[in-house]
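Listed below are the residues making up each chain.
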Amino acid sequence: MADMAAASERAAPSLSTRGLTIRFGGHVAVNAVTADFFPGTLTVIVGPNGAGKTTWFNLISGQLRASAGSVHLHGRDITRLGAARRTRLGIGRAFQLTNLFPLLSVIENVRLAVQSRAGIGLDFLSVWSSHRDLIERADYYLGRVALAARRDMLVGALSHGDQRKLEVAILLALQPSVMMFDEPTAGMSADDVPVVLDLIREVKGDAARTILLVEHKMDVVRQLADRIVVLHNGVLVADGEPREVMASAIVQEAYLGTSDTEHARA
Ligand SMILES: Nc1ncnc2c1ncn2[C@@H]1O[C@H](COP(=O)(O)OP(=O)(O)OP(=O)(O)O)[C@@H](O)[C@H]1O
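Residues numbered from 1 in each chain as written. Predicted model: local features only at pLDDT ≥ 70, side-chain atom pairs only at ≥ 80, totals over all residues.

(A) Region of interest: the domain arrangement of the protein. Entries for the protein in the domain assignment read domain 1 (1-90 + 177-266) and domain 2 (99-175). At the junction of the two partners, domain 1 supplies nine residues and domain 2 supplies nine residues. The leading source of residues in the side of domain 1 that touches domain 2 is helix 7 (residues 192-203), at four residues. Taken together, the residues of the side of domain 1 that touches domain 2 sort by class into six nonpolar, two polar and one charged. (Domains from an automatic or database assignment. Contact = placed C-beta atoms within 7 Å. Helix = DSSP H or I, 4+ residues; strand = E, 2+ residues; numbered from the N terminus. Nonpolar A, V, L, I, M, F, W, Y, C, P; charged D, E, K, R; others polar.)

(B) Structural detail: the site of the ligand. Residues in close proximity to the ligand include Phe 24, Ala 29, Gly 47, Asn 49, Gly 50, Ala 51, Gly 52, Lys 53, Thr 54 and Thr 55, which together make up its full environment. By residue number, the principal contributor to the shell around the ligand is helix 2 (residues 53-61), which donates three residues. When the residues that make up the shell around the ligand are grouped by side-chain class, the tally is three nonpolar, six polar and one charged. (Near = placed C-beta within 6 Å.)

(C) A look at the confidence of the model for the protein. With 85% of its residues at a pLDDT of 70 or more, the protein has an overall mean of 85. Low pLDDT, under 50, characterises residues 258-266; the predicted model gives this stretch nine contacts beyond four residues in sequence or across chains. (pLDDT = per-residue confidence, 0-100.)

(D) Molecular detail of the sheet that holds strand 4 (residues 68-73). Taking strand neighbours across the sheet as the criterion, the four strands line up as 2-1-4-5 in an open arrangement whose pairing is antiparallel. Of all the strands in the sheet, just strand 2 (27-37) and strand 5 (76-77) have a single pairing partner and so form its edges. (Pairing = 2+ DSSP bridges.)

(E) Spatial organisation of the packing of helix 4 (residues 106-117) against helix 5 (residues 131-144). The geometry of helix 4 relative to helix 5 is characterised by a closest axis approach of 8 Å and an angle of 115° between their N-to-C directions. Comparing their axes, helix 5 and helix 4 come out roughly perpendicular. In this structure, helix 4 meets helix 5 at a crossing whose hand is right-handed. Contact residues: helix 4 offers Val 106, Ile 107, Val 110, Arg 111, Val 114 and Gln 115, while helix 5 offers Leu 134, Ile 135, Arg 137, Ala 138, Asp 139, Tyr 141 and Leu 142. Class assignment of the residues belonging to the contact of helix 4 with helix 5 gives a composition of nine nonpolar, one polar and three charged. (Axes fitted to C-alpha atoms, helices over the stretch in contact; angles between N-to-C directions. Parallel < 35°, antiparallel > 145°, perpendicular 65-115°, else oblique. Left-handed = near helix turned anticlockwise from the far one by under 90°.)

(F) How the structure looks around the environment of Lys 204. On the secondary structure map, Lys 204 appears in the loop between helix 7 and strand 8 (210-214). Contacts of Lys 204, omitting those with residues within four sequence positions, involve Leu 42, Arg 209 and Ile 211.

(G) Main features of the nonpolar core. Counting residues in each nonpolar core, the largest one holds 66 residues, and the members touching the most others are Val 110, Leu 142, Ala 169, Ala 173, Met 180 and Leu 213. The element that contributes the greatest number of residues to this core is helix 6 (residues 160-174), accounting for eight residues. Lining this core are residues from two domains, each supplying at least three of them: domain 1 (1-90 + 177-266) and domain 2 (99-175). (Core = buried A, V, L, I, M, F, W, Y, C linked by C-beta atoms within 7 Å. Buried ≥ 20, exposed ≤ 12 C-beta atoms within 10 Å, placed from the backbone.)

Structure follows, in structure tokens:
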């Protein structure tokens, strides 16, 4: 694992943030954060509640605009691009449940993602010839997240855990080069957690994929991380090999200290 991370870190970064900063009034939620992310590496971002992890994610995926600094994707400055453009360029993010269409069925939601990936567009009438193929592929991704039995349900009627699994299916169908997961197993049943973790583990076997994961559960961090980045009060305070970072004094004090169980939210 260490060798893989070291090897990939010799490659060009797929994603970078440079001095990335956002202020909300007088509060600096993300403070001059500079980091590179590499293909074939799964980086877990940890830190106490309110450290700025989700805000950093929002700045990367384009939900928020930076007060200062920049975001680069495959060497291109995307700081001024909106979220939709960033998605088209290959940044995919799970668990913005607002991306789901609650009044469409589960299979139709995935079919739209497959269709969008295939570049066919969202014109329902233009795709009859390839409709069967799209549905077959959508069924494949539903099977991957163990949602086949719910394929014809309306998304609005799914449980929270199933909606999150559906987000993973949609993310897989979009095949982005950068995949961002925000606490992927939060709110899931004990049966569903291994399904999603196995999928992430499988995706991370793809040397072309860059994966970013915000996670509180330290057992998940230990299982998946090739690298750990620690945020504290909006500042990047540690970045490196999991063993090294977990053992560092700054992490012990800033994050792990007495709070391992405190942060291990369900
Ligand atoms: N839209 C906003 N307006 C004002 N303050 C905000 C906004 N979004 C985030 N913040 C503040 O920025 C800080 C970082 O929040 P953020 O949600 O990014 O932390 P986090 O590390 O993801 O926390 P958690 O682990 O609890 O999800 C917090 O103090 C939060 O209150």
